[in-house]
Amino acid sequence: MKTRAAVAMAPEQALDIRELELDEPRSNELRVRIIASGVCHTDAIIRDQWYPVPLPVVLGHEGSGIVDAVGSDVAGFSIGDKVVLGPAYCGSCEQCVSGHPMYCVNFYDRNFGVQRPDGSKAFSENGTPVGSHFFGQSSFAEYTNVVAHSAVKVPNDVPLDILGPLGCGIMTGSGAVLNVLKPEAGSSVVVFGTGAVGMAGMLAAKAAGATTIIMVDIVESRLEYAKELGATHTVNSKEVDPVQAIKEITGGGAQYALDTTGVPMVFTQMTNSLAIRGHAALVGAAKLGTEAKIDIGTQLLAGINVHLVVEGDAVPKEFIPRLINLYRQGLFPFDKLIKTYKFEDINQAFADSADGSTLKPVIVY
Ligand code: NAD
């Protein structure tokens, strides 16, 4: 069938909306009519080739939509089901079977290989293959084919057009907090970076009952919004030393910390701002080969724990429904991070994300 899709043709160039051919879903796949798709910082860094993903490719990996066709071997899905799409995983390696599919040993190939394991691509243009299955989904298309086990059925009473980011950015920040850091009620949490990922971490910390929630950034307007959404303190690290400020606020250091910036200096600030036996998580992406400093002499005695976290170490089928439950109860208002755009305005959405004016752009088809 024909479908419109936004194709990344060359590094640092605008995505091009083109009419492509979509092949038939394989026996283990669903064809999904995409209703909306979030734009994530990771789409931009792949467009710009921080990871060597072959171009041309249909990006997009925060899709929500409606099942349009069901492969012959798929159980548990019917045409018309509403779904959020999560990352791809093999389902059979030791990480997948032990409940950590976001560390699937085949994660890179399945999500950044932009083809099926058999080498085929779902999209083509005039007979020339175009990369598909980016993050398992390539959701910058009106229709796409996805492996069924990466789709998560969602209830009818929540608006489908806001749910896509639960499949990546929102899951990453909130999962790093709820699945990895696990702050106790009454504890202190510091989050570096107030983009959608950091804000999701902040909302999760609040939902978990943390009572000191410090947000650190270099953009004052984002810090102000973080305060509106629940931060107890904000620190502009362009103006003050964040490590000193965090130690003063917490009386010695934060118990939990999250770095969503991927900036090496911020990683060092994060580890230096922890309390004794504090626990930190890094989710911010950096170019391959990026190194960050940690003072192992001092930190050994502090006994800190540092975790590098992919996709919130979530099991999407279990975690996304939990986030929806929190949202329904008003405890996780992630919709306040979203601004919607028309498909035709997808490059504006990328630009507004890059300059910080929009936290979480969502393309509505
Ligand atoms: P974003 O660009 O909207 O937010 C990053 C924030 O960091 C911005 O507000 C920026 O002002 C702030 N920042 C930059 N430099 C800083 C500094 N020196 N000190 C303090 N703050 C600083 O991005 P986002 O959508 O929130 O995503 C955050 C990161 O998470 C990206 O790198 C993205 O690729 C990554 N990510 C990782 C995973 C994963 O599985 N680990 C999944 C999704 C996204």
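Residues numbered from 1 in each chain as written. Predicted model: local features only at pLDDT ≥ 70, side-chain atom pairs only at ≥ 80, totals over all residues. Heavy atoms only, no water.

Draft legend 1. Region of the structure containing the environment of leucine 203. The topology assignment puts leucine 203 in helix 5 (residues 196-207). Relative accessible area serves as the criterion here: at 2%, leucine 203 is assigned to the buried category. The sequence separation of leucine 203 and alanine 302 amounts to 99 residues, and the corresponding C-alpha distance is 28 Å. When residues no more than four places from it in sequence are discounted, the contact partners of leucine 203 are Leu229, Leu331, Phe332, Pro333, Phe334 and Leu337. (Helix = DSSP H or I, 4+ residues; strand = E, 2+ residues; numbered from the N terminus. Buried < 20%, exposed > 50% of the residue type's maximum accessible area, 1.4 Å probe, protein only. Contact = heavy atoms within 4.5 Å.)

Draft legend 2. Seen up close, the site of the ligand. Asp217, Arg222, Val283, Ala285 and Glu311 are the nearest of the 25 residues found near the ligand. Within the side chain of arginine 222, one N or O atom sits 2.8 Å away from an oxygen atom of the ligand. In the model, a nitrogen atom of the ligand is placed 3.0 Å from a nitrogen or oxygen of the valine 309 main chain. Here the ligand has 870 Å² of accessible area as a free molecule, and 87% of this is covered by the chains. Looking at the shell around the ligand, the elements with two or more residues in it are helix 1 (41-47) and helix 5. Here the residues of the shell around the ligand are counted per class, giving 12 nonpolar, 10 polar and three charged. Looking at which domains feed residues into the shell around the ligand, each of domain 1 (2-167 + 333-364) and domain 2 (172-311) gives three or more. (Near = heavy atom within 4 Å. Polar contact = N/O pair within 3.5 Å; in protein donor to acceptor, adjacent residues only side chain to side chain. Areas by Shrake-Rupley, 256 points an atom, 1.4 Å probe, with all protein chains shown as cover. Nonpolar A, V, L, I, M, F, W, Y, C, P; charged D, E, K, R; others polar. Domains from an automatic or database assignment.)

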